[in-house]
Amino acid sequence: MTYTLRTFGGLGLTGATGPLPFADRHRKPMALLAMLAGAGERGLSREKLAAYLWSESDTERARGGLKQTLYILRKELSAEELFLGSAELRLNPAILQSDLGEFERLAAAGEEERAVGVYAGHFLDGVHLSDAPEFERWADEQRERLARRMSALLERLALMASGRHDPRAAAEWWIRLIEHDPFDTHAVTGLLHAFLEAGDRPRALKYAERHMALLRKELDLTPDPELRKLVEQVRAKPASPPS
């Protein structure tokens, strides 16, 4: 049987018959799968896995916890060959694949649109291990890295659409980026230009004003002067029918 590990928007495991309840009962084994998915073909040493997931235990207990966790995973998934390697462990792609691995592969291959379709929410969103602070730090770092990668992909798609002289498609990608990161002023500026090129001044103003209000309310920040200047220019510009 093959399985799929979901790491975007949470953490879950799916088999041939659908989501596995095992994932809800075993948080640390699932965290271990997420770490190995993040390591990809490089894998992770047993020592690092133990240090991340059992950082508050002594060396012997950490090693014992890792050994028990690997046993649980093999047993629950009926997959003796779930892991490849000995000192350095990797997931066996013939048995378990992950949305993270697919996202990384598609992004590296320049298939931006397919890659952003895989990103279904922030990495390990809502997943926490209170007794594993090193894992928490690792998850935070990966979450930030992958969020930046997603932003870069969405911006590239918007710019590619602009390069094709398709401002409405560009606007949709800028909107996706703003939904991903509501505080991204650069994305709002790009969206403003795309809507103006498409002749849609009302939507341009709506998104820009919403963004400036959000910065004031949530971050107590004054909006970027260049954005404010652009908004004032748009307000003063005579309306034209959408193209």
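This text gives an overview of the structure that appears in the document.

What counts, and at which threshold
- Residues numbered from 1 in each chain as written.
- Predicted model: local features only at pLDDT ≥ 70, side-chain atom pairs only at ≥ 80, totals over all residues.
- Heavy atoms only, no water.
- Pairing = 2+ DSSP bridges.
- Helix = DSSP H or I, 4+ residues; strand = E, 2+ residues; numbered from the N terminus.
- Contact = heavy atoms within 4.5 Å.
- Axes fitted to C-alpha atoms, helices over the stretch in contact; angles between N-to-C directions.

The sheet built from 3 strands is open, its strands ordered β4-β6-β5 with antiparallel pairing. Each edge of the sheet is formed by a strand with only one pairing partner; in this case those strands are β4 (44-45) and β5 (83-84). In this structure, β5 lies alongside strand β6 (residues 88-91), joined through 2 bridges in antiparallel fashion. Bridged to Phe-83 within β6 is Leu-91. Strands β4, β5 and β6 of the sheet are contacted by helix α2 (residues 27-39), whose axis makes an angle of about 90° with β6.

Across the sheet, which stays open at both edges, the 4 strands sit in the order β3-β2-β1-β7 with mixed pairing between neighbours. Only two strands of the sheet have a single partner each, and these edge strands are β3 (18-19) and β7 (96-98). In this sheet, strand β2 (residues 12-15) lies alongside strand β1 (residues 3-6) in antiparallel orientation, the contact comprising 3 bridges. Across the sheet, the residue bridging to Arg-6 is Gly-12, located in β2. The sheet contacts of α2 involve β1, β2 and β7, and relative to β1 the element is tilted by about 90°.

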